[in-house]
Amino acid sequence: MEIPYSVKANPVTGIPNGKFGIWLFLASEVMLFGALFSSYVLLRVGADVWPHGRDVGLSIPLATLNTMVLIASSVTMVMAWASLKMDQFKKFRLYLGLTILLAFGFLVVKYFEYTAKFHHEIYPSTSTFFAIYFTLTGLHGLHVIGGIIVNSYLWGPGAKVWRSEPDRFANRIEYAGLYWHFVDLVWIFLFPVLYLL
């Protein structure tokens, strides 16, 4: 069965159905993280004393490194999509592969951060700050893993669509890229909120 409007714009929405779907999904994600950020603000404003991340052992250099890694992965994601638009499939695989590797790099750095916390017996139950820290960064980490799974599929078995329907495949990469940019954007909010302010 052929999926309607997977390449051309749906006359009702003005965009392909896939793009409409990913925007709806991202809207729900904005509400999810928006609720968590709002909770963070309310808890922080209501607390008599609220620690700065740097004062309770959060590593600003590692968080800065992770920020740079995610920004670089957004660039490679765009380059992957642009390569498809220029009919350069080998470059697409290179750039999407780099995006996946950078995402794994982010998780490795996060693993070391978490390990250091657990080594010092710091857990979500330690304080309200760390409950928020582990909730927000843990949820974000799950989204990174989700991005790795989707991008790995599109890099591997999902790429066979390119041979028969290149425009449809390029659209899939664009949708995956929109999700990935959202994941990066969430981290760009998390970094200053948890580590710097």
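Scroll up a little and you will see the structure.
Quick summary incoming for the structure in this document. (Residues numbered from 1 in each chain as written. Predicted model: local features only at pLDDT ≥ 70, side-chain atom pairs only at ≥ 80, totals over all residues. Heavy atoms only, no water.)

## Topic: the overall build of the protein chain
Line of reasoning, step 1. Regarding its fold elements, the protein chain presents six helices and zero strands.
Line of reasoning, step 2. Along its sequence from the N terminus, the protein chain presents helices and strands in the succession α-α-α-α-α-α.
Line of reasoning, step 3. If you line up the protein chain on its principal axes, its C-alpha atoms span 60 × 35 × 25 Å.
Line of reasoning, step 4. For the protein chain, the proportion of its 197 residues judged to be buried stands at 40%. (Helix = DSSP H or I, 4+ residues; strand = E, 2+ residues; numbered from the N terminus. Buried < 20%, exposed > 50% of the residue type's maximum accessible area, 1.4 Å probe, protein only.)

## With respect to the environment of W81
Line of reasoning, step 1. Topologically, W81 is positioned in helix α2 (residues 60-85).
Line of reasoning, step 2. Of the residues examined, W81 reaches a relative accessible area of 30% and is grouped as partly exposed.
Line of reasoning, step 3. Each C-alpha atom of the pair W81 and G46 lies 45 Å from the other, and the pair is 35 residues apart in sequence.
Line of reasoning, step 4. In this view, W81 contacts A170, I173 and E174; residues no more than four positions away in its chain are not counted. (Contact = heavy atoms within 4.5 Å.)

## Some remarks on the pattern of salt bridges
Line of reasoning, step 1. For the coordinates displayed, the defined rule picks out three salt bridges.
Line of reasoning, step 2. Across the salt bridge formed by E174 and K19, the nearest N and O atoms sit 2.9 Å from each other. Of the two residues, E174 sits in helix α6 (residues 166-196) while K19 sits in helix α1 (residues 17-46), which places them 155 residues apart along the sequence. (Salt bridge = Lys/Arg side-chain N within 4 Å of Asp/Glu carboxyl O.)

## Let's talk about a nonpolar patch on the surface
Line of reasoning, step 1. On the surface, M68, I71, V75, M79, L185, I188 and F189 cluster together into a nonpolar patch covering about 640 Å² of accessible area.
Line of reasoning, step 2. Mapped onto the nonpolar patch, the elements with two or more residues apiece are α2 and α6.
Line of reasoning, step 3. By residue number, the principal contributor to the nonpolar patch is α2, which donates four residues.
Line of reasoning, step 4. For I71, the location among the structural elements is in helix α2.
Line of reasoning, step 5. Judged by relative accessible area, which is 39%, I71 ranks as partly exposed. (Patch = residues over 30% accessible without salt bridge, like charges linked within 9 Å, V, L, I, M, F, W, Y side chains within 5 Å. Areas by Shrake-Rupley, 256 points an atom, 1.4 Å probe, with all protein chains shown as cover.)

## Quick look at unusual backbone geometry
Line of reasoning, step 1. Residue D87 is not a glycine yet carries a positive backbone phi of 60 degrees.
Line of reasoning, step 2. Inspection of the secondary structure assignment puts D87 in the loop between α2 and α3 (89-119).
Line of reasoning, step 3. Backbone geometry at E121 places phi at a positive 55 degrees, although glycine is not the residue there.
Line of reasoning, step 4. Turning to its location among the elements, E121 is positioned in the loop between α3 and α4 (128-155).
Line of reasoning, step 5. When its relative accessible area of 59% is taken as the criterion, E121 is described as exposed.

## Topic: the side chain of S74
Line of reasoning, step 1. Secondary-structure assignment places S74 in helix α2.
Line of reasoning, step 2. With sequence-adjacent residues up to four places away left out, S74 is seen in contact with W180, H181 and D184.

## Focus: the nonpolar core
Line of reasoning, step 1. With 50 residues, the main nonpolar core has L96, Y133, F169, I173, W187, L194 and Y195 as its most contacted residues.
Line of reasoning, step 2. Elements that contribute at least two residues to this core include exactly α1, α2, α3, α4, α5 (161-164) and α6.
Line of reasoning, step 3. Element by element, the count of residues in this core is highest for α6, at 17 residues.
Line of reasoning, step 4. Ignoring anything within four residues of it in the chain, the contact list for L194 reads Y40, G53, L58, F129, I132, Y133, L136 and T137. (Core = buried A, V, L, I, M, F, W, Y, C linked by side-chain atoms within 4.5 Å.)

## Some thoughts on the side chain of T76
Line of reasoning, step 1. Here T76 shows up in helix α2.
Line of reasoning, step 2. Taking relative accessible area as the criterion, T76 reaches 10% and is therefore assigned buried.
Line of reasoning, step 3. Engagement of the side chain of T76 in a polar contact is seen with the side chain of T99, the distance being 2.7 Å.
Line of reasoning, step 4. Setting aside residues no more than four positions away along its own chain, T76 makes contact with Y95, L98, T99 and L102. (Polar contact = N/O pair within 3.5 Å; in protein donor to acceptor, adjacent residues only side chain to side chain.)

## Quick word on the packing of α2 against α6
Line of reasoning, step 1. Direction vectors running N to C along α2 and α6 enclose 165 degrees, while the axes themselves pass 10 Å from each other. With respect to their mutual orientation, α2 and α6 come out roughly antiparallel. Between α2 and α6 lies a crossing of left-handed hand.
Line of reasoning, step 2. By residue class, the composition of the contact of α2 with α6 is 18 nonpolar, seven polar and three charged. (Axes fitted to C-alpha atoms, helices over the stretch in contact; angles between N-to-C directions. Parallel < 35°, antiparallel > 145°, perpendicular 65-115°, else oblique. Left-handed = near helix turned anticlockwise from the far one by under 90°. Nonpolar A, V, L, I, M, F, W, Y, C, P; charged D, E, K, R; others polar.)

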